[in-house]
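# Architecture at a glance
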Protein chains: 2
Amino acid sequence: MRQSFDETTDPSYGPRHLPLIRRAMADQGLDGFIVPHEDEHQNEYLPAANDRLAWATGFTGSAGAAMIMTDKAALFVDGRYALQAPAQVDQDMFEIKDLMDGGVPAWIEATAKAGQVLGYDPRLHSPDSLARLEAAAVKAGASMMAVSDNPLDAAWGTNRPAQPAAPVVPHTLQYSGEASAEKRRRIGLAMNADAAVLTAPASIAWLFNIRGGDVIRSPLPLGQAILRKDGSADLFLDPAKITPGLAKWLDADVALRDPSDLQGALAKLSNQIVSIDPAQSSAWYFSQLETAGARIYRMPDPTALPRAIKNAVEIAGARAAHSRDGAALTNFLHWIVNQNGPIEELAAVAQLEAFREATGVLKDLSFDTIAGAGPNGAVVHYHPTIKTSRAAQDGDLLLVDSGGQYLDGTTDVTRTVSIGTPSEEMRQRFTLVLKGHLALARVRFPAGITGSLLDALARGPLWAQGLDYDHGTGHGVGSYLGVHEGPQGISKRAGGAPLQPGMIVSNEPGYYKTGAYGIRIENLQVVTQPTEIAGGERAMLGFETLTLAPIDRKLIAVCLLTAEERAQLDAYHARVLAEIGPQLGADARAWLEQVCAPL
Amino acid sequence: MRQSFDETTDPSYGPRHLPLIRRAMADQGLDGFIVPHEDEHQNEYLPAANDRLAWATGFTGSAGAAMIMTDKAALFVDGRYALQAPAQVDQDMFEIKDLMDGGVPAWIEATAKAGQVLGYDPRLHSPDSLARLEAAAVKAGASMMAVSDNPLDAAWGTNRPAQPAAPVVPHTLQYSGEASAEKRRRIGLAMNADAAVLTAPASIAWLFNIRGGDVIRSPLPLGQAILRKDGSADLFLDPAKITPGLAKWLDADVALRDPSDLQGALAKLSNQIVSIDPAQSSAWYFSQLETAGARIYRMPDPTALPRAIKNAVEIAGARAAHSRDGAALTNFLHWIVNQNGPIEELAAVAQLEAFREATGVLKDLSFDTIAGAGPNGAVVHYHPTIKTSRAAQDGDLLLVDSGGQYLDGTTDVTRTVSIGTPSEEMRQRFTLVLKGHLALARVRFPAGITGSLLDALARGPLWAQGLDYDHGTGHGVGSYLGVHEGPQGISKRAGGAPLQPGMIVSNEPGYYKTGAYGIRIENLQVVTQPTEIAGGERAMLGFETLTLAPIDRKLIAVCLLTAEERAQLDAYHARVLAEIGPQLGADARAWLEQVCAPL
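Computed from a prediction, not measured in an experiment: that's the story for all the values here. (Residues numbered from 1 in each chain as written. Chains lettered and ligands numbered in written order. Predicted model: local features only at pLDDT ≥ 70, side-chain atom pairs only at ≥ 80, totals over all residues. Heavy atoms only, no water.)

## Here we look at helix H18 (residues 563–580) of chain A
Residues and elements named next belong to chain A. End to end, H18 covers 25 Å across 18 residues, agreeing with the expected 26 Å (1.5 Å per residue, within 8%). Taken residue by residue, H18 has Glu-565, Gln-568, Leu-569, Asp-570, Tyr-572, His-573, Val-576 and Ile-580 as its buried positions. On its buried face, H18 sits against helix H14 (312–338), strand E22 (413–418), helix H16 (424–442), strand E28 (523–531), strand E29 (540–545) and helix H19 (586–595). (Helix = DSSP H or I, 4+ residues; strand = E, 2+ residues; numbered from the N terminus. Expected span 1.5 Å × (residues − 1). Buried < 20%, exposed > 50% of the residue type's maximum accessible area, 1.4 Å probe, protein only. Contact = heavy atoms within 4.5 Å.)

## Some details on the sheet that holds strand E21 (residues 409–410) of chain A
All names here are of chain A. Taken together, three strands build an open sheet; the order of strands is E16-E20-E21 and the sheet is antiparallel. The outermost strands of the open sheet, each flanked by one partner alone, are strand E16 (364–365) and E21. Looking at chain direction, strand E20 (residues 404–406) and E21 are connected through two bridges and run antiparallel. Its bridge partner lying in E21, Tyr-406 is registered against Gly-409. Against the sheet, H14 contacts E20 and E21, and its axis sits at roughly 135 degrees relative to E20. (Pairing = 2+ DSSP bridges. Axes fitted to C-alpha atoms, helices over the stretch in contact; angles between N-to-C directions.)

## Quick look at the side chain of Thr330(A)
All names here are of chain A. In this structure, Thr-330 sits in helix H14. Classification of Thr-330 as buried rests on a relative accessible area of 0%. Each residue touching Thr-330, except ones within four places of it in the same chain, is listed here: Leu-548, Ala-549, Pro-550, Ile-580, Leu-584, Trp-591 and Leu-592.

## Focus on the interface of chain A and chain B
Accessible area lost upon the coming together of the parts serves often as the stated size of an interface. Opposite the 28 residues of chain A that make contact, chain B presents 28 residues. When chain A packs against chain B, the two sides together hide about 2,400 Å² of surface, and 56% of this comes from carbon and sulfur. Among the residues of chain A in contact with chain B, Leu453(A), Trp463(A) and Arg538(A) are the three that bury the most area, contributing 26% of the side total. The tally of links from chain A across to chain B stands at four salt bridges. Note that Asp470(B) is salt-bridged to Arg538(A), the shortest N-O span being 2.9 Å. Considering every element that reaches the side of chain A that touches chain B, the biggest residue donor is helix H17 (residues 455–464) of chain A, with four residues. Tallied by class, the residues present in the side of chain A that touches chain B amount to 14 nonpolar, seven polar and seven charged. (Buried area = accessible area lost by both parts, 1.4 Å probe. Salt bridge = Lys/Arg side-chain N within 4 Å of Asp/Glu carboxyl O. Nonpolar A, V, L, I, M, F, W, Y, C, P; charged D, E, K, R; others polar.)

## Notes on unusual backbone geometry
Residue and element names in this part refer to chain A. Residue Pro-487 is bonded to the preceding Gly-486 through a cis peptide linkage, with omega at 0 degrees. The backbone of Asn-209 shows a phi angle near 55 degrees, a positive value even though the residue is not glycine. Structurally, the position occupied by Asn-209 is in the loop between helix H9 (201–207) and strand E9 (210–211). Accessibility expressed as a relative area gives 1% for Asn-209, which makes it buried. Positive phi outside glycine occurs at Arg-217, with the angle close to 65 degrees.

## Things to note about the sheet that holds strand E3 (residues 73–77) of chain B
Residue and element names in this part refer to chain B. Judged by pairing direction, the sheet is mixed, and its six strands sit side by side in the order E4-E3-E2-E1-E5-E6 without closing on themselves. With partners counted over all chains shown, the strands left at the sheet margins are strand E4 (95–98) and strand E6 (143–146), one partner each. Ignoring strand direction, the axes of neighbouring strands in this sheet form an average angle of 25 degrees. Set on the sheet, helix H1 (residues 13–27) makes contact with strand E1 (32–36), strand E2 (65–69) and E3; between it and E2 the angle comes to about 65 degrees. Each of E1, strand E5 (117–120) and E6 touches helix H5 (residues 127–139); the most contacted strand, E6, lies at about 140 degrees to it.

## Section: the relation of the copies chain A and chain B
Superposition record for chain A on chain B: RMSD 0.1 Å, screw rotation 180 degrees, translation along axis 0.2 Å. The two molecules are tied by a two-fold rotation axis, judged by turn and shift. When the interface residues of chain A are mapped onto chain B, 100% of them again fall at the interface, so both copies present the same face. (Least-squares fit on C-alpha atoms with pLDDT ≥ 70 in both.)

## Describing the packing of aromatic side chains
Evaluation of the coordinates by the stated rule reveals 14 aromatic pairs over all chains. With 6.1 Å between their ring centres and 80 degrees between their planes, Phe76(A) and Trp107(A) make a pair best called edge-to-face. Pair noted here: Phe76(A) is in strand E3 (residues 73–77) and Trp107(A) is in helix H4 (residues 103–111), with a separation of 31 residues, a long-range link. Comparing Phe76(A) with Trp107(A), the two get one shared label, buried. Taking 5.4 Å as the distance between ring centres and 45 degrees as the angle between the ring planes, the aromatic pair formed by Phe445(B) and Phe543(B) counts as tilted. (Phe/Tyr/Trp six-rings, centres within 6.5 Å; stacked < 30°, edge-to-face > 60°.)

Here it is, written out as structure tokens:
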């Protein structure tokens, strides 16, 4: 459910582009240059114009870095890309190293020579990662130098795709539920600083009630903002992206400014207390603020928590989006059972997108659809390509993880369906995953509990049988924004924000048998207001399930369910039938009635 | 199950002692002096000679601090002591403040005047708490001054009890299971420093396989040690405590030294990397090491984790101790049912201690027994006194939390018993607590999981009914050492060490109805080795229950239990009967057979 596997690069990228980059490095007197995967905006997805690592190396994974010296170069990737990186990259040009093995700093320490100058683009590095690089360079007797003109960009030159300039449009109160002025006022009041520098596109989108299209699979406008404690703000957006009604949509306390003004605006923050998030904003912002003489407060992005807590309008929108999206998914599930013969993964992906498109209001997918048949389903980060697409056959499981972006909400749902007759083992494992999913759906809990404290509820039934899964159980989801957002989450890792009413999280336990099949059941659920429980003393939070689509009953070993679990699943299926049924054609509705009948 | 409520003080302490302290402060030119509850050894329990806060104020709680100025004074306590502090302290002398309300630093900031000198004894403060005090003093324009002679000690003078000097004796391999030389060698190798300064009495006791009696309710020898990376060590113990065989028991690589040599020994650590735990060692050690020119590594006490992971001998000892202790507790539970008429809390406490004494090998209780009848059971930190002791009557619950110190292990167990006929509500709440207790007892989990990730398993059944309890679910327990030890624990708080085979933790969910009754069910359990599960893929850790005593079946609403829970409890009771039955007299054994029969 993560990165898209890009087939537009090939291993000739290194031999073709490395000499150009080295020439540009030489023009600036650099002995080395670091190319991180991250771009200026620290997004989950990069626009093509900012995928510098892919252009330099051919590697299109979602994380990594390259270090280019005059006589050698190395690419650093994590274990997920142990197969992909060698297939995409010319290893005569790049030594491929494991990021976990000390990464770029260790390589610098071992490789750089005394007196060498290693360049970096300060817009692309977080202050913390930069500090590690600098420490390594110092140990090697080398030094780091910030460049103002990125030599890779110079080498890329006119072949570089244009920066995205998708129109930025209002995200109206019908969907956002709270005026930007009100959001800015309450965040400004709470932020304990004179100003906050905001650089995360999702923060810009949410705070100003605007949406764009600069980043695939999410309606993000690339930009920056300075929010002051009185709620007034400067918003820096490329004029090419500004649509006619936008200036009017922004209220009088928002100054719409050209990105070229940003440096000057930061310089004017001298002697002010400025809040900035080192996890979101690059070292460039910190050095600009230091130069300006601002008092830097390293704080989490002040919009992150309020953005995660959806208001009543956003929750109503999420319900509507999930109802519509659930009907599209249910049509797809019905389509699957009506296929005679094998089902190609790529055909399934196209068919599911067609059903979502048929809603007439789909803005984009939430991410590239995962459809993994048989052994492909066991590869957690799998996306089908022409080369890998497999036909799901009788006896296979087909795991489909997908979602849609709608003006009223973002969806993310996984269903695992059996093609033909599943094995007893598949049914046992699926039922264990289901038991964990149901436990996390029905849990009640007091205020102050983080998602990590609930993670074991989803894993417990698998643990009891000596099984587990190697990914988190849940992530936050935006409202017509990114499909992965913080600060809450459900995982074995300690920490994260306490769950609060209005937060949306996924509930997606799974089981993966390498070389055989994968199982995942994912619904989104929203944290409910604290409510009294009859006979109880303390109001408890809980979850309302948003996602509505049937769960494959052929995969359920009913004997493994408790009476409580059976009743819970039956009630869920009754809800699915009641809400989704009326949106379907007669055939699909008749089928849904069957698959939603009590177990 | 915590502090003992000391009735030896009275509110006249303040009027009698404060003038003496102020005179001694004046002798040193101090405008103020801080009296923390903590002593030189950061123990859970203080010897009477070190309970400076009680002597100054009359307050005997287990946490707090006083700030004494020339013209006023304040006592800071937490919410647990909102009733106790005003009863014990003369409020004409001491303003009583809530520790949560900014504590001593906030009071200093608001109260101290520019130029004033505030004294503190650096042996009694952690470096972190001292830094907060100093920051507050600076804001007020005042300054902090370390004293070398504590003015309170000077005022206390000859009336001060002698420092404890209980004999220090070998803790033989029969109980410790690993030679001190071997412990020191492996910890020295792992500690990444030239030397470690150890000041926690439990660390001293465990590392050198010695036990003492300087601190009530635990066999701790007060002392210090310097452990070097080659495994050699200096051990600083008051010569008055050294028993004839001790020097021979310590191997040749341990130098037994007088505590007056400690300062000089620290001074010799110049240019060495010295590991020291700021949570265990006071600011005095840090300033000594800084003066010496040592390179200070602030690290967790290197013995804490190895101490928590019990070896096979310690686990076998724990089983034996719990079997013996379970028989004593079962005799007590049988005694209760045979009483005609009300049962006084204090009589119950004495009777239970008598049964433990009758084992012939009890060294001490693990803590002052909690016996709370009716509403007293709802006071989590309650201990009966002559003033508060209540008679449990028909319809009451009696909560008894107790434990014994034996050479082979430390026990801690809570049983809640109904006197006469319990109400339906009591049975429902007890059964919810039991369900949580059973869930935490049977859970299987992979390596790397902290106790906090399992906490919700114990609370879930209560949460589902709008109920909860306001204490942790479990704490580590030493092996003939403290009844509360880290670094593992089971609570809502994130963090703590991952659970590892050999760690002992308590499993003690509860429910408390203010003014009515309290319920707690507590067993100790030891983390088991990872074991394969039939049909599974990953070896899983789990728990073996150590505590053996029947759970009151009159309080169980069987209809609320699942078949799995019933089978689990029946199996536990069968184990209790098999292991405890043979140790009992005929009457008690016959009774145990009844109460351990399958539900």
